[in-house]
Amino acid sequence: MKLQKSYLELQELEKLKSKFLTITSHELKTPLTPSKIQTQMLLNGDLGELNEKQKKSFEIILRNINRLDELIGDILEISQLEAEGFKLKIEKVQLKNVIGLVVKNMLPVAEDKKLVLSYEFSQTPLIEIDKKRIMEVVTNLIDNAIKFTTRGKIVVRTQIKGKEILASVSDTGPGIAPEHLGKLFIPFSQLEETFTREHGGSGLGLAICKGIVEQHGGKIWIESALGKGATFYFTLPMSQKSKKLKDVKKKVVISKEIKKLK
Amino acid sequence: MVVKKILLVDDELDIRESVKMLLETMNYEVEITDDGNNAITMLKNGTFDLVLLDILMPKISGIKTLEKIRADSKIKNQKVVFLTVVSPTKNGEGIIEKLGPLDYIEKPIDNNSFKEKIEKILGSGE
């Protein structure tokens, strides 16, 4: 009985937290808006010519406004995900084209760091997914791989495994120590870890990826060891028809933690 | 050349001032108000090439304001773009289809893509 009560209380608390995050995120975007417009106008010379030092100063301000903007966006996204789950816009697409497009978009980012980015696939299935969301996942995984890899290559692979697609993003980066692996998909976990803070980002990217993949009925995980690089895997069912609507709306991120309490 | 006129509706003073300044660098004439009902009165009494409409406002929301515009025979064909921190699709399905804003721009805006969008709208179909 007592356990059941704390389970319900925890659920309420989660709802409250999500609502709070959504509202505060919106409130935070409001003061950010004029700051960003003004800084961009200054940098663009709309309000008069700037000298080099002034320019550098405003560039730093703008960069940090953008960082704050991204962070707020991520918080909003994760809180929505926790509150009601994403509503997926499922369509039938050629998997190869979707992943191929992301890889193409990310090529310049990889080339900037002199890394090789490639996509390997053996079949070209049609698959039912929310294209935009899955592109977001793959973009995030590739972006992470690039961020943490200083030399070598990043390989994206997709293959059919039964009724599912198995996709992976491998890098030749430093790898991740076993004690950190479990925390990767938990929201804000990066903020606790000084060792990754220097790499920027909100620490929400992987939690969002996990939410999106699970919303599709898939799984996401990582295999890595120090000095051995890292490979992120995720699966996606080829068809969404077999899934019940109820499943789609379930709370994906916190559900497991709460279930443990039952 | 006739100067194009834009009505900017937003309840936040600093956003109004900033967007107005930005639009003025593009040589548009800009009028501002902080309230949807007031905007409707202004639209009835004048001609505007475009309305930039915030959604979350205290007295009347941008969605309600646009509903009123579409229901008024005198101004129902007014060109409107939402300028909002919340995607209008989150205010219920079919808002875009039903009310026909030309576009929505999310705040905080990127000045360059904002300019492109506005120029595309005001530069075409005249």
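Here the structure is shown first, and the text comes after it.
Residues numbered from 1 in each chain as written. Chains lettered and ligands numbered in written order. Predicted model: local features only at pLDDT ≥ 70, side-chain atom pairs only at ≥ 80, totals over all residues.

(A) Region of the structure containing unusual backbone geometry. All names here are of chain B. Residue K107 is joined to P108 through a cis peptide bond whose omega torsion reads -5 degrees. By the element assignment, P108 lies in the loop between strand 5 (103-106) and helix 5 (111-123). Positive phi, close to 65 degrees, is recorded for N27, a residue that is not glycine. With respect to the helices and strands, the residue N27 is situated in the loop between helix 1 (13-25) and strand 2 (29-33). (Helix = DSSP H or I, 4+ residues; strand = E, 2+ residues; numbered from the N terminus.)

(B) Highlighting the sheet that holds strand 5 (residues 164-171) of chain A. Residue and element names in this part refer to chain A. Read from one edge to the other, the open sheet built from five strands follows the order 2-4-5-7-6, with strand pairing classed as mixed. At either margin of the open sheet sits one strand with a lone partner, and together these are strand 2 (116-121) and strand 6 (220-224). The mean angle between the axes of side-by-side strands here comes to 15 degrees, regardless of whether they run parallel or antiparallel. Alignment of strand 4 (residues 153-161) against strand 5, held across eight bridges, turns out to be antiparallel. When the sheet's bridge partners are listed, T158 is paired in strand 5 with A167. (Pairing = 2+ DSSP bridges. Axes fitted to C-alpha atoms, helices over the stretch in contact; angles between N-to-C directions.)

(C) Inspection of the sheet that holds strand 1 (residues 5-9) of chain B at higher detail. Residue and element names in this part refer to chain B. One open sheet accounts for five strands, arranged 2-1-3-4-5; its pairing is parallel. With partners counted over all chains shown, the strands left at the sheet margins are strand 2 and strand 5, one partner each. Going from strand to strand, the sheet's axes swing by 20 degrees on average, the running direction of each strand aside. Note: strand 1 against strand 3 (residues 50-53), four bridges, orientation parallel. Paired with I6 across the strands is L50, a residue of strand 3. Strands strand 1, strand 2 and strand 3 of the sheet are contacted by helix 2 (residues 36-45), whose axis makes an angle of about 160 degrees with strand 1. (Contact = placed C-beta atoms within 7 Å.)

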